Amino acid sequence: QVQLVESGGGLVQPGGSLRLSCAASGSIFGINAMGWYRQAPGKQRESVAVVTNGGVTDYASSVKGRFTISRDNTKITVYLEMNRLKPEDTAVYYCNVVADNWSADYWGQGTQVTVSS
């Protein structure tokens with residue numbers, strides 16, 4: 001049974017920083033990619049940052065230069081370092097893992113990030 005457990009969300013002032021963590025438990029067969037998605041009220045879920053098994057990263061244009069995705073393969077953990085946060089970054093952030101030749105899709109429970117003064 002695969003589970004993704006997220007931590008690090010919370011309330012932060014504009015310009016501040018947060019570090020999100022997502023730790024996977026259980027057996028995952030052949031990870032293809034790990035990433036972070038977010039959904040703000042009234043908006044569709046969007047990709048924020050993704051890292052493939054080969055180490056290739058991709059960022060949404062709105063976060064490029066401010067957010068950094070990284071991974072720890074020994075722990076099967078993915079991180080999202082968020083710097084210079086803006087109110088428009090406010091959303092529920094979800095951890096995602098795609099595995100087994102892109103056929104398996106796992107999601108975390110979501111963690112709230114609120115950027116407000």
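Let us look at the structure shown here. The structure presented is a predicted model; accordingly, all values stated were derived computationally and were not measured.

1. A short note on the overall build of the protein
Along the protein, the regular secondary structure elements total zero helices and eleven strands. For the protein, the N- to C-terminal ordering of α and β elements is β-β-β-β-β-β-β-β-β-β-β. For 117 residues, the compact-globule estimate of 2.2 N^0.38 gives 13 Å, and the C-alpha radius of gyration of the protein, at 14 Å, lies within 12% of that figure. Considering only C-alpha atoms, the protein reaches an extent of 45 × 25 × 25 Å along its principal axes. The buried share among the 117 residues of the protein stands at 42%. In the protein, once contacts between residues fewer than 6 apart in sequence are set aside, the share between residues at least 24 apart is 53%. Just so you have it, the protein exposes about 6,300 Å², and 48% of that area is on carbon and sulfur atoms.

2. Brief notes about the state of the cysteines
Evaluation of the coordinates by the stated rule reveals one disulfide. Put simply, Cys 22 and Cys 95 are joined by a disulfide, and their sulfur atoms are 2.1 Å apart. As the torsion about the S-S bond is roughly -85°, the Cys 22-Cys 95 disulfide counts as left-handed. Taken together, the residues span a long stretch of sequence, with Cys 22 in strand E3 (residues 18-25) and Cys 95 in strand E9 (residues 91-99) at a distance of 73 residues. Assigned by exposure class, Cys 22 and Cys 95 land together as buried.

Criteria and cut-off values
- Residues numbered from 1 in each chain as written.
- Predicted model: local features only at pLDDT ≥ 70, side-chain atom pairs only at ≥ 80, totals over all residues.
- Heavy atoms only, no water.
- Helix = DSSP H or I, 4+ residues; strand = E, 2+ residues; numbered from the N terminus.
- Rg over C-alpha atoms; globule rule 2.2 N^0.38 Å.
- Buried < 20%, exposed > 50% of the residue type's maximum accessible area, 1.4 Å probe, protein only.
- Contact = heavy atoms within 4.5 Å.
- Areas by Shrake-Rupley, 256 points an atom, 1.4 Å probe, with all protein chains shown as cover.
- Disulfide = S-S within 2.5 Å.

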